Amino acid sequence: MRRLVMILLVGALLAGPVLPSAAQTAGPRYGGTLRAGMQTDPVGLDPHLSTATATRNMMENVYDTLVMYSAEGRYVPGLAESWITSADGMTWTFQIRRGVKFHNGRTMTADDVIYSLNRIRDPNIKSPRAGDFAEVDVISASGPNTIVIRLKRPFSPLLAKLSSSLNVIVPKEIVARDGDLHTNPTGTGPFRFVGYAPQQRLTLVRSGDYWERDSGGRRLPYLDRIEFVFLPDAVARATALRAGSVDWIEYVPSSEVKALRADPNVLVVGGLSANFRSLYINNQVAPFTNVKVRQAMSYALDKKEIVDTALFEVGGIVATGTAIPPGNFFAYTRSPYNRVDLDRAKRLLAEAGQPNGFEADLYVTSTYDFLRTPAEIIQAQLAKIGIRLKITTADWSVYLPTVFQKKYALTILGTSGQSDPDDFLYNNFHSKAGLNLVNYSDPTFDQLVEQARAVSAEAARKRLYEQAQARLLEMAPMVFIYHSTQFEAVRRTVRGFEHWPNTSYLGLRRTWITAP
């Protein structure tokens, strides 16, 4: 329990106010449409095939996972009502919730759970999260409502992987009919997908068959409908909220946080979230193949200036270690790059055969301001050691597939939604991991995170993860810059929404509107 709480401790400390709950108001009341202002379109609608946060943000309330991750940082029942594990940690048995229906009307069974998890594992599907279940040997049913997961070896992050908002349970017949879930997303979640108009909106409606109840025994969700409206301009999104043309917005830009907090009709919620943002370096593109070049860049970047200037001092905190935020039980904060050292950076470049520096391309998205605005500051800082950057931009729908194909030299990116140190470290840096977008390959690091996966004792895991993070800093596969805050803002007619520090929007399941 300590580990789960510590993972999100900083987020809990910095989070803004939670919207008034049903116990604090006359509600909740059913009905109404929530107009949600979104940063960008989803990148595909099939959750098993996507890694995009935008896809997760809109699809996670269409589907359910076997295990859920709560706003308090606990693993709680989802489609599995309960589970037990064998003494050796090799066999996990899950009791599946009875009477749950897919949006096509069919009752979900244990076979659907087996199919869904095996679909993610299937190498022919090429799911970017296949590695989440690499330690699974076989998944079987011991009855219509019982599944058994047998492992190849003990695997401590299993519940974290089962709770990932994109590792959802789906009906086989829809995939068999359509080939995938891009055109007809069908799940067991509180909202049913009804339509998507690219660059305009995505619409969900209330599922009358949803299984979950609130603390008073009332069926969730409360809202009749959610209209996700795409407003890529961050300032325009904040303006739409003030004007009342939307009720809720995501990714409040750092430049607007203070102004929205001062608006009596608006409430801002959020804070530091489980994520990291870095200068990604393609380790297989020269001259970045040389570790001394990557170390030089790490010494040259002034992370505090980036946070203070590009993020207006409210958009994040400086990364003092690696991907795991400070305050987390598993964080390692003794980075050698916490102090700028331009002389050392220049010496390293010279030792790498680049005494006069070099030119390089920095490829960034034009969609997310917190990934775009640091670019020019990074450009100016690296120029001090002779690295001359050319900045090019692309919309998220073009940018993300390009980066996933690793057709870049430098970019500014990160991941979010982590609930376990394995999510931060193995998923992004193991040589065989699907999110290893920097082409980092290091047998020493691989061995450390593989060992940590097989250990359940917190102290032992912590020691291994500290060694792994020290190795990351030594090899500098990317420059860890900051951990971003994430804020949502709502009109005060919106009640019950709770910010998840792992950036999930599962709080929409209990959101309601005072005057539909």
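Participant: Teacher, can you tell me more about the packing of aromatic side chains here?
Facilitator: To describe a pair of aromatic rings, one takes the distance between the centres and the angle between the planes. Evaluated as defined, the whole model comprises 23 aromatic pairs. Ring geometry for Trp 396 versus Tyr 399: centroids 5.5 Å apart, planes at 25°, classification stacked. Of the two residues, Trp 396 and Tyr 399 both sit in helix H14 (residues 396-404), three residues apart, roughly one turn of that helix. Classification of Trp 396 by relative accessible area gives buried; the value is 6%. Among the aromatic residues, those joined into a cluster by ring pairs are Tyr 251, Tyr 363, Tyr 368, Phe 370, Trp 396 and Tyr 399.

Participant: Just to check I follow, could you spell out the side chain of Ser 70 for this structure?
Facilitator: Relative to the elements of secondary structure, Ser 70 occurs in the loop between strand S2 (67-69) and strand S3 (75-77). Once residues lying within four places of it in the same chain are set aside, the contact partners of Ser 70 are Val 76 and Trp 500.

Participant: Help me understand the pairing of strand S9 (residues 201-206) in this model?
Facilitator: As a general feature of sheets, a regular strand has side chains that alternate between the two faces. Pairing of strand S8 (residues 191-197) with S9, which is carried by six bridges, proceeds in the antiparallel orientation. Following the sheet pairing, Ala 197 is matched in S9 by Arg 201. The turn joining S8 and S9, which pair antiparallel and follow one another in sequence, is formed by three residues; a positive phi near 65° is taken by Gln 199. Direction of pairing for S9 relative to strand S10 (residues 225-230): antiparallel, over a ladder of five bridges. Paired with Leu 202 across the two strands is Phe 228, which belongs to S10.

Participant: Whenever I open this one, the packing of helix H9 (residues 291-300) against helix H11 (residues 342-351) confuses me. Can you help?
Facilitator: Each pair of packed helices can be summarised by the angle the axes make with each other and by the distance between the axes. Orientation of H9 relative to H11, taken along the N-to-C sense of each, is 165°, at an axis distance of 8 Å. Taken together, the axes of H9 and H11 are roughly antiparallel relative to one another. H11 is crossed by H9, and the crossing has left-handed handedness. Contacts between H9 and H11 involve Lys 292, Val 293, Gln 295, Ala 296, Tyr 299 and Ala 300 from the first element and Leu 342, Arg 344, Ala 345, Leu 348, Leu 349 and Glu 351 from the second. Here the residues of the contact of H9 with H11 are counted per class, giving eight nonpolar, one polar and three charged.

Rules used throughout
- Throughout this description, residue numbers start from 1 for each chain and increase along the sequence as written.
- For a predicted model such as this one, the threshold for reporting local features is a pLDDT of at least 70, and the threshold for listing and counting side-chain atom pairs is 80 or more; totals across whole chains, interfaces and linings nevertheless cover every residue.
- Side-chain descriptors were evaluated using all non-hydrogen atoms of the structure, hydrogens and water having been removed beforehand.
- Pairing of aromatic rings covers Phe, Tyr and the six-membered ring of Trp, with a centre-to-centre limit of 6.5 Å; geometry is then stacked below 30 degrees between planes, edge-to-face above 60, and tilted otherwise.
- Here a strand is any run of E in DSSP of at least two residues, a helix any run of H or I of at least four, and the numbering for each starts at the N terminus.
- Throughout this description, buried means an accessible area under 20% of the type-specific maximum (1.4 Å probe, protein chains only), exposed means over 50%, and partly exposed covers the range between.
- The contact criterion used throughout is that any non-hydrogen atoms of two residues lie within 4.5 Å.
- Strands are treated as partners if at least two bridges between them are detected by DSSP.
- Comment: axis = line fitted to C-alpha atoms, over the contacting stretch for helices; angle = value between 0 and 180 degrees taken between N-to-C directions.
- The cut-offs work like this: below 35 degrees is roughly parallel, past 145 is roughly antiparallel, 65 to 115 is roughly perpendicular, and the gaps in between are oblique.
- Crossings are classed by handedness, with left-handed meaning an anticlockwise turn of the near helix from the far one by less than a right angle and right-handed meaning a clockwise turn.
- Put simply, Ala, Val, Leu, Ile, Met, Phe, Trp, Tyr, Cys and Pro go in the nonpolar bin, Asp, Glu, Lys and Arg in the charged bin, and everything else, Gly too, in the polar bin.

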